[in-house]
Amino acid sequence: MGTVARPGTAGSGSGSGSGSADPAVPGRRPDEVPGPRKASGRPARRPRPGSGLRGGSAWTPWLYLLPALVVLGGLLIYPVYQLGLISFLEYTQAQVSGGEPTSFQGFGNYTALFSDAQFWQVLLATVLFAAACVVTTLAVGCALAVLLTRVRALPRLALMLAALGAWATPAVTGSTVWVFLFDPDHGPVNRLLGLGDFSWTYGRYSAFALVLFEVVWCSFPFVMVTVYAGIKAVPGEVLEAAALDGASQWRIWRSVTAPMLRPILVVVTIQSIIWDFKVFTQIYVMTGGGGIAGQNLVLNVYAYQKAFASSQYSLGSAIGVVMLLILLAVTLVYLRLLRRQGEEL
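Criteria and cut-off values
- Residues numbered from 1 in each chain as written.
- Predicted model: local features only at pLDDT ≥ 70, side-chain atom pairs only at ≥ 80, totals over all residues.
- Heavy atoms only, no water.
- Phe/Tyr/Trp six-rings, centres within 6.5 Å; stacked < 30°, edge-to-face > 60°.
- Lys NZ or Arg CZ within 6 Å of the ring centre and 35° of its normal.
- 1 Å grid on protein atoms, 1.4 Å probe; cavity = no way out; pocket = protein on both sides within 12 Å on 5 of 7 lines; lining within 4 Å.
- Points joined across faces, edges and corners; volume = space filled by probe spheres on them.
- Helix = DSSP H or I, 4+ residues; strand = E, 2+ residues; numbered from the N terminus.
- Nonpolar A, V, L, I, M, F, W, Y, C, P; charged D, E, K, R; others polar.
- Axes fitted to C-alpha atoms, helices over the stretch in contact; angles between N-to-C directions.
- Parallel < 35°, antiparallel > 145°, perpendicular 65-115°, else oblique.
- Left-handed = near helix turned anticlockwise from the far one by under 90°.
- Buried < 20%, exposed > 50% of the residue type's maximum accessible area, 1.4 Å probe, protein only.
- Disulfide = S-S within 2.5 Å.
- Contact = heavy atoms within 4.5 Å.
- Core = buried A, V, L, I, M, F, W, Y, C linked by side-chain atoms within 4.5 Å.
- Expected span 1.5 Å × (residues − 1).
- Bend = angle between axes of the 7 residues up to and from the residue.

> Now, about the packing of aromatic side chains: what can you tell me, with residues and values included?
Overall, the coordinates contain 22 aromatic pairs when judged by the stated rule. One aromatic cluster is present, built from ring pairs that chain together Phe-88, Phe-104, Phe-107, Tyr-110, Phe-114, Phe-119 and Trp-120. Against the face of Tyr-205 rests Arg-204, its NZ or CZ located 6.0 Å from the ring centre.

If you want it as structure tokens, here you go:
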């Protein structure tokens, strides 16, 4: 019988002459391959991610973002700082003109604001009006986005151009046109509906409804285009499989499309909340500065009246700070709820 060569000896096979086979080391498994070693015999360290000439340093992304951060700091951070500072001071026309010195009031402006019954009425009206605008805008935008996926190329192009035209129209121009359309004397809408000389801006709720129509008209294109792009990104195989399983169009939208579009819906919802909560131009132009006896005031118009019409700049700044905190709180709560559901933005 022949002898059996031990591993690592010259009779072990083809690796004996080339030196490519590693020597057997006691206690090492066969699948363990030793790493690269330096000349001194110590294992070489692997380069960390982001280190070296190719990866750059950890500060490289911040260097690229620095110009944008400087611009945002000048256009956003500094005005917010000044807004908060003025809200803690006594700052009226006397201080602006230099007739009286500026004095620190602490939370006195906020105390006066929260003790004003009109502020709470305006806040409630703003929340309800913004909620109605957001819900209506999302409903109209999502419905038209689904419609874009059902029609042919030519109607789709016409609808897209009409929507983008409404989106690109300045708020002042759009508000003026809508006031003319619903004018009780010369407006064509009252004639078509047979309302005679009915004044839409005289009543509180009809004026809010008219402003809501204009806000939705100029806001739904953003939702429509964004949701339409998200729907086109949904794999067709998923929708086809749901249709083959017998799901209706509404069930496909509710159970398949909407969950896949949830990150996009989060973006358009938060954006709509911010836009509609701080509506100013439409209310100011269409209701003549807040309606009869201030019945159509919202917080933005209310702050404008306090700051510039009454020259109480500190109270106007306090209203602005309250609006900022409310929007931040709504956004953070909404994002927190989504994170609890396991959604990634």
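> Describe the layout of surface pockets, with residues and values.
Taken as a whole, the largest pocket encloses approximately 430 Å³ of empty space. Looking at the lining of the largest pocket, the elements with two or more residues in it are α3 (60-87), α15 (299-309) and α16 (313-340). For the lining of the largest pocket, the element with the highest residue contribution is α16, accounting for seven residues. Here the lining of the largest pocket is built from residues that sort into eleven nonpolar, five polar and one charged. Estimates place the volume of the second largest pocket at around 230 Å³. Lining the second largest pocket, in full, are Val-146, Thr-149, Arg-150, Ile-231, Leu-239, Gln-249, Ile-252, Trp-253 and Thr-257. Among the elements that make up the lining of the second largest pocket, the one with the highest residue count is helix α12 (residues 249-260) (four residues).

> A description of the packing of helix α6 (residues 117-148) against helix α10 (residues 204-233) should follow, citing residues and the corresponding values.
The contact between α6 and α10 brings their axes to 6 Å, and the two run at 40°. With respect to each other, α6 and α10 are oriented oblique. At the point where α6 passes α10, the crossing takes the right-handed sense. Here the residues of the contact of α6 with α10 sort into 22 nonpolar, four polar and one charged.

> Outline the environment of Leu-324, supporting the account with residue identities and numerical values.
Its place among the elements puts Leu-324 in helix α16. The exposure class of Leu-324 is partly exposed, given its relative accessible area of 32%. Here the alpha-carbon distance between Leu-324 and Lys-278, two residues 46 residues apart in the chain, equals 9.6 Å.

> Report on the state of the cysteines, specifying residues and quantitative values.
Under the criterion given, the structure shown has zero disulfides. Here Cys-133 stays free of any disulfide, with the sulfur of Cys-218 as its closest cysteine sulfur at 9.1 Å. Assessed through its relative accessible area of 0%, Cys-133 is described here as buried.

> Which residues make up the side chain of Ser-317, and what values do they have?
With respect to the helices and strands, the residue Ser-317 is situated in helix α16. Once you skip the residues sitting within four places of it in the chain, Ser-317 turns out to touch Leu-83, Ile-86 and Ser-87.

> Quick rundown of the nonpolar core? Include the residues and the values.
Core analysis: the biggest nonpolar cluster contains 36 residues, and Leu-113, Phe-119, Phe-129, Ile-283, Leu-299, Tyr-302 and Ile-319 have the highest contact counts within it. Within the residue set of this core, elements represented by two or more residues are α5 (108-114), α6, α10, α14 (281-286), α15 and α16. By size, the runner-up hydrophobic cluster in this structure holds 20 residues, among which are Cys-142, Phe-220, Met-224 and Trp-253.

> Explain α3 to me, and be specific about the residues and the numbers.
The end-to-end C-alpha separation of α3 is 38 Å, in line with the 40 Å expected for 28 residues at 1.5 Å each. If you look at α3, its biggest bend is around 45°, right at Leu-66, and the proline Pro-67 turns up within four residues after that. Listed in full, the buried residues belonging to α3 are Gly-73, Gly-84, Ile-86 and Ser-87.

> Provide a residue-level description of unusual backbone geometry, including the pertinent values.
Located in the positive-phi region is Ala-293, a residue other than glycine, with phi close to 55°. Considering the arrangement of structural elements, one finds Ala-293 in the loop between α14 and α15. For Ser-311, which is not glycine, the phi torsion reads 60° and is therefore positive. In this fold, Ser-311 is placed in the loop between α15 and α16.

Honestly, that's just the spatial picture; any functional story needs more than this.
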